[in-house]
Amino acid sequence: MSIANDTDQEIPVTECKLNSIDYKVRRSQDVDENVIGFDIPFEITPEELIENSGEPTESREDSYSAVLSYKKEEGNMKYTETVGISDGGIDYVWLTIIYN
């Protein structure tokens, strides 16, 4: 996991934004397999996310933001990414990974 300071000033780490997550699985003592890795573009609109990632599996709007979900199945893994976007950009990203 990495964080970023998107201001021109020094700020405490607790005020920085999550920038990327890298999830690795250790298959042996010598090899790490990168299962999931991504960078999060915080200043993005729902339209830009759809342009970049395709039509979501599900979408809805609540009183706070547009919520787009992308679901994917590969082998014995089910993966869901849910993104909440308001006028200011991404508010949250939820990842769910289920292994059968």
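These numbers come from a predicted model, not from an experiment. (Residues numbered from 1 in each chain as written. Predicted model: local features only at pLDDT ≥ 70, side-chain atom pairs only at ≥ 80, totals over all residues. Heavy atoms only, no water.)

## A word on the pairing of strand β4 (residues 58–61)
Part 1 of the argument: By the bridge criterion, 4 bridges tie β4 to strand β5 (residues 66–74) in an arrangement that is antiparallel. Within β5, the position partnered with Glu-61 by the bridge is Ala-66. (Pairing = 2+ DSSP bridges. Helix = DSSP H or I, 4+ residues; strand = E, 2+ residues; numbered from the N terminus.)

## Topic: the pattern of salt bridges
Part 1 of the argument: For the structure on display, the rule yields 2 salt bridges.
Part 2 of the argument: Across the salt bridge formed by Glu-58 and Lys-71, the nearest N and O atoms sit 2.8 Å from each other. Highlighted residues: Glu-58 in strand β4 and Lys-71 in strand β5, separated in sequence by 13 residues.
Part 3 of the argument: Take Glu-58: its relative accessible area is 42%, and that puts it in the partly exposed class. (Salt bridge = Lys/Arg side-chain N within 4 Å of Asp/Glu carboxyl O. Buried < 20%, exposed > 50% of the residue type's maximum accessible area, 1.4 Å probe, protein only.)

## Some remarks on the nonpolar core
Part 1 of the argument: By size, the foremost hydrophobic cluster in this structure holds 7 residues: Ile-44, Leu-49, Leu-68, Tyr-70, Val-83, Ile-85 and Ile-90.
Part 2 of the argument: Secondary-structure elements contributing two or more residues to this core are β5 and β6 (77–86).
Part 3 of the argument: The residues touching Leu-68, leaving out its near neighbours within four places in the chain, are Pro-46, Leu-49, Ile-50, Pro-56, Glu-58, Ser-59, Glu-81, Thr-82, Val-83 and Ile-85. (Core = buried A, V, L, I, M, F, W, Y, C linked by side-chain atoms within 4.5 Å. Contact = heavy atoms within 4.5 Å.)

## Section: the confidence of the model for the chain
Part 1 of the argument: Mean pLDDT over the chain stands at 77; residues scoring 70 or higher make up 74%.
Part 2 of the argument: Ranking the helices and strands of the chain by mean pLDDT puts β4 first, with 90, and strand β3 (residues 32–39) last, with 59. (pLDDT = per-residue confidence, 0-100.)

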